[in-house]
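Geometric and topological summary
One letter stands for each residue in the lines below.
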Amino acid sequence: MNENRRQILEMLAAGNISADQAERLIAALGTERTTPVGEYAGSTAGPNGATVKTRAKYLRVLVEADESMTGNKGQTTVNVRVPMQLLRAGVRLASLIPAQAHQQLDDALSRHGVPLTLSQIKPENLEELVDHLEDLTVDVNGSEGNKTKVRVFCE
Amino acid sequence: MTPNFAVLGIDTPGFHWPRLWLPIFLLWVPVILLSPIILLAFVVLALVTQTNIWRVVAIFWGILCSLPGTHVHVSTQDARVLVRIL
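All of the points below concern the structure found in this document. (Residues numbered from 1 in each chain as written. Chains lettered and ligands numbered in written order. Predicted model: local features only at pLDDT ≥ 70, side-chain atom pairs only at ≥ 80, totals over all residues. Heavy atoms only, no water.)

**Examining the overall build of chain B**
For clarity, the cut-off: Secondary structure is summarised from DSSP: a helix means a run of H or I of at least four residues, a strand means a run of E of at least two, and numbering begins at the N terminus for each. Exposure is judged per residue with a 1.4 Å probe applied to protein chains only, and the accessible area is read against the type maximum: over 50% gives exposed, under 20% gives buried, and values in between give partly exposed.
Within chain B, the secondary structure is distributed over three helices and four strands. Order of helices (α) and strands (β) in chain B, N terminus to C terminus: β-β-α-α-α-β-β. Within chain B, the fraction of its 86 residues that count as buried is 24%.

Here it is as structure tokens:
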């Protein structure tokens, strides 16, 4: 028997949770197991019906591009999976940018339409940014005969 | 955990390459041999960025340890490239 399922049944036997709550928890366990690859589980019901958020481990980028986009014969697919931990480590790498280079970077970013002031971004802000990436889902579908699809999500 | 293997798969229109398992852990041997130069590079980087050297080491170690799980797969009708870090 699954360890989580056993704990739920023990909590039910001890009278810590009601039968309805136990049923919801077991159903949530089943949902978690049957979540297909490529879909972010998001959240599950915890004790007392409270929502417990599952932590995403990977950022996935899926691209399906047709001939009109790539110029290659047939469909081109790109499937990239990046560990969230690598994103966090990369963000920490940004803290090594010397202060003297900040102004130049700000100017370059502004020229390309990203009005960002690097000196105002603290490591804790970047950590928060990566944490919030877990809620990110981007779906782009081509229109008018263009079969290009782009999906960005966390799982 | 540091990466131990990299899986490389390349299919070209003319040839189907067998999937290569590259033992990345063997790179520790040249890394240990080159450690004085690597340490010197970290010292220079720490001086340039005005950061503590241990912070620089920790950042690069963090990147190295978070590489496992990376997966890149690009395929077209004729060719395919797969890179996985385990």
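**Some words on the interface of chain A and chain B**
The cut-off we apply is this: The contact rule is simple, with two residues in contact once any of their heavy atoms fall within 4.5 Å. Pairs of N or O atoms are called polar contacts if they sit within 3.5 Å, as long as, within protein, a hydrogen donor faces a hydrogen acceptor (for residues adjacent in sequence, only side-chain-to-side-chain pairs). Think of it as three bins: nonpolar holds Ala, Val, Leu, Ile, Met, Phe, Trp, Tyr, Cys and Pro, charged holds Asp, Glu, Lys and Arg, and polar takes everything else, Gly as well. Between any two strands, at least two bridges found by DSSP are needed for them to pair.
Facing 22 residues of chain A, the contacting portion of chain B comprises 24 residues. There are four residue pairs in polar contact (both at pLDDT 80 or more) connecting chain A and chain B. Those elements that place two or more of their residues in the side of chain A that touches chain B are β4 (76-83) and α4 (84-93) of chain A. Ranked by the residues each element gives to the side of chain A that touches chain B, the list is headed by β4 of chain A, at seven residues. By residue class, the composition of the side of chain A that touches chain B is nine nonpolar, ten polar and three charged. Across five bridges, the pairing between β4 of chain A and strand β3 (residues 71-75) of chain B is antiparallel. Along β3 of chain B, the bridge assignment pairs Thr77 of chain A with Ser75 of chain B.

**Section: the sheet that holds strand β5 (residues 137-141) of chain A**
Operational definition: Comment: axis = line fitted to C-alpha atoms, over the contacting stretch for helices; angle = value between 0 and 180 degrees taken between N-to-C directions.
Across the sheet, eight strands lie side by side as β5(A)-β6(A)-β3(A)-β4(A)-β3(B)-β4(B)-β1(B)-β2(B); this open sheet has antiparallel pairing. Two strands bound the open sheet, and with one partner strand each, they are β5 of chain A together with β2 (20-23) of chain B. Recorded for the sheet is a direction-independent mean angle of 10° between the axes of neighbouring strands. The sheet contact formed by β5 of chain A and strand β6 (residues 149-154) of chain A spans five bridges and is antiparallel. Within β6 of chain A, the position partnered with Val140 of chain A by the bridge is Val150 of chain A. Its contacts with the sheet put α4 of chain A on β3 (58-65), β4 and β6 of chain A, and the angle it makes with β4 of chain A is roughly 70°.

**Structural notes on unusual backbone geometry**
The general pattern is negative phi for most residues beyond glycine and trans for most peptide bonds. Unusually for a residue other than glycine, Gln50 of chain B sits at a positive phi of about 55°. Here Gln50 of chain B is to be found in the loop between α2 (35-49) and α3 (53-65).

**Focus: the pairing of β3 of chain A**
Residues and elements named next belong to chain A. Relative to β4, β3 runs antiparallel, the two being bridged by eight bridges. Opposite Tyr58, over in β4, you have Pro83 as the bridge partner. Of the pairings in the sheet, the one linking β3 to β6 comprises six bridges and is antiparallel in character. Its bridge partner lying in β6, Leu59 is registered against Cys154.

**Observations regarding the nonpolar core**
The nonpolar side chains of soluble globular proteins are, as a tendency, buried together. We count it as follows: The criterion is simple. A nonpolar core is a set of buried Ala, Val, Leu, Ile, Met, Phe, Trp, Tyr and Cys residues joined through side-chain atoms within 4.5 Å.
In this structure, Val80, Val82, Leu86, Ala89 and Leu96 of chain A together with Phe42, Ala46, Val56, Ile59 and Ile63 of chain B together form the largest nonpolar core, which totals ten residues. Taken together, the elements giving at least two residues each to this core come down to β4 and α4 of chain A together with α2 and α3 of chain B. With three residues, α3 of chain B is the single largest residue contributor to this core. What Ala46 of chain B contacts, discounting residues up to four positions off in sequence, is Thr51, Asn52, Ile53 and Val56 of chain B.

**Observations concerning the side chain of Ser66 of chain B**
Tracing the sequence through the fold places Ser66 of chain B in the loop between α3 and β3. Classification of Ser66 of chain B as buried rests on a relative accessible area of 4%. Side-chain polar atoms of Ser66 of chain B contact the backbone oxygen of Gly62 of chain B, separated by 2.8 Å. When near neighbours in sequence (up to four residues on either side) are disregarded, Ser66 of chain B contacts Pro83, Gln85, Leu86 and Ala89 of chain A.

**Comments concerning the environment of Val7 of chain B**
Residues and elements named next belong to chain B. Mapped onto the fold, Val7 is located in strand β1 (residues 5-11). Assessed through its relative accessible area of 2%, Val7 is described here as buried. Sequence-wise, Val7 and Ile85 are 78 residues apart; in three dimensions their C-alpha atoms are separated by 6.3 Å. Val7 has contacts with Arg19, Leu20, Trp21, Leu82, Val83, Arg84 and Leu86, leaving out every residue within four places of it along the chain.

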